[in-house]
Amino acid sequence: MKLVKHYPIVSFFVLAYLISWTFWLPFIFSSTSIFWLLGGFGPLIAAVLVVFNNEGKSQAKQFIKGIFRLKVALGWYFFALILPIIIYYFAYQMYLFRGGTVEDFVTPSIFFYPIALIFATLFGGGQEEVGWRGFALPRLQSKYSPFTSSVILGVMWAFWHIPLFYASATYQANFPFGWYLLNTIFLSIIFTWFFNSTGGSIFIAMLLHGAVNAPSGWVPLELMSSYSYMTLSTFFVSVILIIVTKNKPLSGTNNRNLGYDKLK
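Residues numbered from 1 in each chain as written. Predicted model: local features only at pLDDT ≥ 70, side-chain atom pairs only at ≥ 80, totals over all residues. Heavy atoms only, no water.

S.K.: How should I be thinking about the packing of aromatic side chains in this particular structure?
M.R.: Note on aromatic pairs: each is described by the distance of the centres and the angle between the planes. In this structure the tally under the stated criterion is 31 aromatic pairs. Following the ring pairs from residue to residue traces out a cluster consisting of Phe-12, Phe-13, Trp-24, Trp-132, Phe-135 and Trp-160. The lysine or arginine in question, Arg-133, covers the ring of Trp-157, its NZ or CZ lying 4.5 Å from the ring centre. (Phe/Tyr/Trp six-rings, centres within 6.5 Å; stacked < 30°, edge-to-face > 60°. Lys NZ or Arg CZ within 6 Å of the ring centre and 35° of its normal.)

This is the structure:
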């Protein structure tokens, strides 16, 4: 389709929303989890469809193969796993400092965490990164700065979740959207830094997303429901990254070195 070729980024967002919302809108009226699970694959499917339409079958295959490019320094894997825990820790400390309590709060066994992490990385959020960071971010950065690209993607990422805020069986139903929007923008800045610093690793972005989602069962629901503490915590981390990368892209490299200037 010519429109998809001429407007690949817009086409990607439209398809991602259309696919996901098709599954999620019925979820507002039903608690059947399959709608939630399938809807989460909207960005991945949209990215593959746009690449296939614009660049052909062979490039679509290469794009899919690139998802599991694992040759990244081991330290990045550790950092992707530990940084979200640090974010939760500081959010939790702010929650306690402001009078929050741990009464009647039961956490799952810590032995369940690896299972939660694997699920979140592959099915519970991480799979979105094939679209957000794997497809959209490089193409946005070919036109805009990493910071501006992060903000644009953060806004689109947050509003993509809108149907889930009206489905009572979801986490988002308990979140105030304003804080959620800000938090997603700050997270987007953090994700951009990871993606660029690892030479465009989609899998690191997936792992980071999984590590952000997985610990939610180990913190009080009241902390997550206010969401202000999480937002302040991600804000501080994103500010630190902006300061560290002052006068540089949000990475140790640049868009041209990552090949973004060649993208259509």
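Following the structure, the description resumes.
S.K.: Could you clarify how one ought to interpret helix H4 (residues 42–55) in this entry?
M.R.: One turn of the α-helix equals 3.6 residues, which is why residues spaced by three or four share an orientation. End to end, H4 covers 20 Å across 14 residues, agreeing with the expected 20 Å (1.5 Å per residue, within 8%). What H4 keeps buried is the set Gly-42, Pro-43, Ala-46, Ala-47, Val-48, Val-50, Val-51 and Asn-54. Directly after H4, the chain includes Gly-56, whose backbone phi takes a positive value near 100 degrees. (Helix = DSSP H or I, 4+ residues; strand = E, 2+ residues; numbered from the N terminus. Expected span 1.5 Å × (residues − 1). Buried < 20%, exposed > 50% of the residue type's maximum accessible area, 1.4 Å probe, protein only.)

S.K.: Could you clarify how one ought to interpret unusual backbone geometry in this entry?
M.R.: Backbone phi values are negative for most residues with the exception of glycine, while trans is the configuration of most peptide bonds. Non-glycine residue Tyr-227 carries a positive phi angle of around 60 degrees. Summarising the element assignment, Tyr-227 is placed in the loop between helix H12 (221–226) and helix H13 (228–244). On the basis of relative accessible area, Tyr-227 is assigned to the buried category, the value being 7%.

S.K.: I keep staring at the side chain of Gln-127 and nothing clicks. Help me out?
M.R.: On the secondary structure map, Gln-127 appears in the loop between helix H7 (113–122) and helix H8 (129–141). Not counting chain neighbours up to four residues away, the residues in contact with Gln-127 comprise Gly-40, Phe-41, Leu-44, Ala-120, Thr-121, Leu-122 and Met-206. (Contact = heavy atoms within 4.5 Å.)

S.K.: What should I look at first to understand the confidence of the model for the chain in this one?
M.R.: The predicted coordinates should not be examined in detail at positions where pLDDT is low. With 90% of its residues at a pLDDT of at least 70, the chain reaches an overall mean of 89. Within the model, pLDDT remains below 50 along residues 252–261, and this stretch shows 19 contacts once partners closer than five positions in the same chain are excluded. (pLDDT = per-residue confidence, 0-100.)

S.K.: I would appreciate a short explanation of H8 in the present structure.
M.R.: Under the 1.5 Å per step criterion, the end-to-end length of H8 is only 16 Å for 13 residues, more than 12% shorter than the ideal 18 Å. Burial within H8 is extensive, with 13 of its 13 residues counted as buried.

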